[in-house]
Amino acid sequence: MDPFDAGAGGILRQPKAVWATAGASVVAFMGIGLVDPILPSIAKGLDASAGQVSLLFTSYFLITALAMLVTGFVSSRIGGRKTLLLGLAFVVVFAGLAGTSDTVGQLVGYRAGWGLGNALFVSTALAVIVGAAAGGSAAAILLYESALGLGMACGPLLGALLGDASWRYPFFGTAFLMAIGFLCISVFLKEQPKPARKTSLLDPIRALGHGGLASAAVSAFFYNYTFFTVLAFTPFVLNMTPYKSGAVFFAWGVLLAVFSVLVAPRMQKRFGSLKVLGGSLVLLAADVLVLGYGNHTAAIVCTILSGAFIGVNNTVYTELALGVSDAPRPVASAGYNFVRWFAAAAAPYFAPKIEEWTDVHIPFVVAAVTAVLGAVVVVVRRRVLTHDAEELEPKHAAEDSVAVFAD
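Treat the numbers as computed from the prediction; the structure is a model and nothing was measured. Every residue gets a number counted from 1 within its own chain, in the order that chain's sequence is written. With the structure being a predicted model, the display of local features is reserved for residues of pLDDT at least 70 and the display and counting of side-chain atom pairs for 80 or more, all residues being used for whole-chain, interface and lining totals. Water and hydrogen atoms were dropped before computing side-chain values, which therefore reflect all heavy atoms in the structure.

A. A look at the overall build of the protein. Of regular secondary structure, the protein possesses 15 helices and zero strands. Looking at the protein residue by residue over its 407 residues, the buried ones come to 57%. For the protein, the share of sequence-separated contacts (at least 6 apart) that also reach a separation of at least 24 residues comes to 86%. Split by element, the accessible area of the protein, about 15,400 Å² in all, is 67% carbon and sulfur. Think of it this way: any DSSP run of H or I at least four residues long counts as a helix, any run of E at least two long counts as a strand, and we number them from the N terminus. Any residue under 20% of the maximum accessible area for its type is buried, any over 50% is exposed, and the rest in between are partly exposed; the area is computed with a 1.4 Å probe on protein chains only. What makes two residues a contact is simply this: any of their non-hydrogen atoms within 4.5 Å. The accessible surface values rely on the Shrake-Rupley method and a 1.4 Å probe; as for residues, cover is taken only from the protein chains in view.

The structure is reproduced here in structure tokens:
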């Protein structure tokens, strides 16, 4: 069945609860790239360095990584609906407080609280959408991935539009939109059945004892360092107005969405998941090298083009993490994300430091190396990165996917 079919069970005919959750998911994913075009403005407004402002990503994703051990524990006890509402409440409060910050330290702290709320919400959203959707998991997952891509594309655009007036407005805007999402989920989403077995805090760590899942997580760790060097450090290199920077990252997000939802599954079907992933990581490495050493125009083009490789990688890594082991899918997802989000926290911190120690080119050299290391892990560990001795195919992953945070 075509998941885009507008008939019964198609992606376009879903209950209000699904649309409410998907809409809130768009805003949640917008929060990741929201600050990209206004990073220089924040640095100027709070008299902070690029390294200090980049900690907005570090605090956000460090808390996100640690929260991966908590989200399953919480949702298996209070239920999906209450977990979503709790996460949204955290985002509303801390995004609003972020807009009132007088120092970069306050802003970094509020982003950490925001990261906790986003982790609670996003790690639960797909499971809720799959549970409430009509037409099976394929349509639900496509809807979720579309929300992810739309949010990643629109986040920088919203940041630019509101941030052109003041760097504070994007934070207030996010708080307002998430408050609307809170009300919609409160009204339209009924409580979902709780899991038969409660998840413990250590279950995700135990799941990493599986060689395939551990290998996917380690490879994704290296890849995420590259990903977030592009996302958090490139705005300072481009040094553009919020509008122009927002336009660049909007185009980047559009490519990410298109390649994640439409292109990656077709490439996997033709070439196989591991070949596609390894090739995409090598191409991403080449792209960030040109980004770091090319002129300003080349840097803009390569920033946008990286969205295509990132979109492909996100899709394949999600499927590997959820299909390679026999651990319950939410538990496998939590363990995988616990590892990989540490790189998302590390890259925004180390990239400006590396520039201070060397020059502006070397952070991109490091990012290229980490992308290649991710590919090396895929090649060396290819035997354990398969399930039932067969390479993963998109159709298997579409049936198996459950909340993998912010791919």
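B. Layout of the packing of aromatic side chains. Stacked, tilted and edge-to-face are the three classes applied to pairs of Phe, Tyr and Trp rings, where Trp contributes its six-membered ring and a pair requires centres within 6.5 Å; stacked means planes under 30 degrees apart, edge-to-face means over 60, and tilted covers the rest. In the structure shown here, the tally under the stated rule is 18 aromatic pairs. A centroid spacing of 4.9 Å and a plane angle of 10° characterise the contact between Phe-61 and Trp-341, whose relative ring orientation is stacked. Highlighted residues: Phe-61 in helix 3 (residues 50–78) and Trp-341 in helix 13 (residues 329–357), separated in sequence by 280 residues. Ring geometry for Phe-227 versus Phe-228: centroids 4.3 Å apart, planes at 25°, classification stacked. With respect to burial, Phe-227 and Phe-228 carry one shared label: buried. Both a distance and an angle decide whether a charge sits over a ring: NZ of Lys or CZ of Arg must be within 6 Å of the ring centre and within 35 degrees of the ring normal. In this arrangement the basic side chain of Arg-111 is found over the ring face of Trp-114, its NZ or CZ atom lying 4.8 Å from the centre.

C. View of the environment of Ala-217. The residue Ala-217 is located in helix 9 (residues 211–238) in this model. Judged by relative accessible area, Ala-217 falls into the buried class, the value being 1%. Among all residues touching Ala-217, those that are not within four sequence positions of it are Leu-208, Tyr-336, Val-339 and Arg-340.

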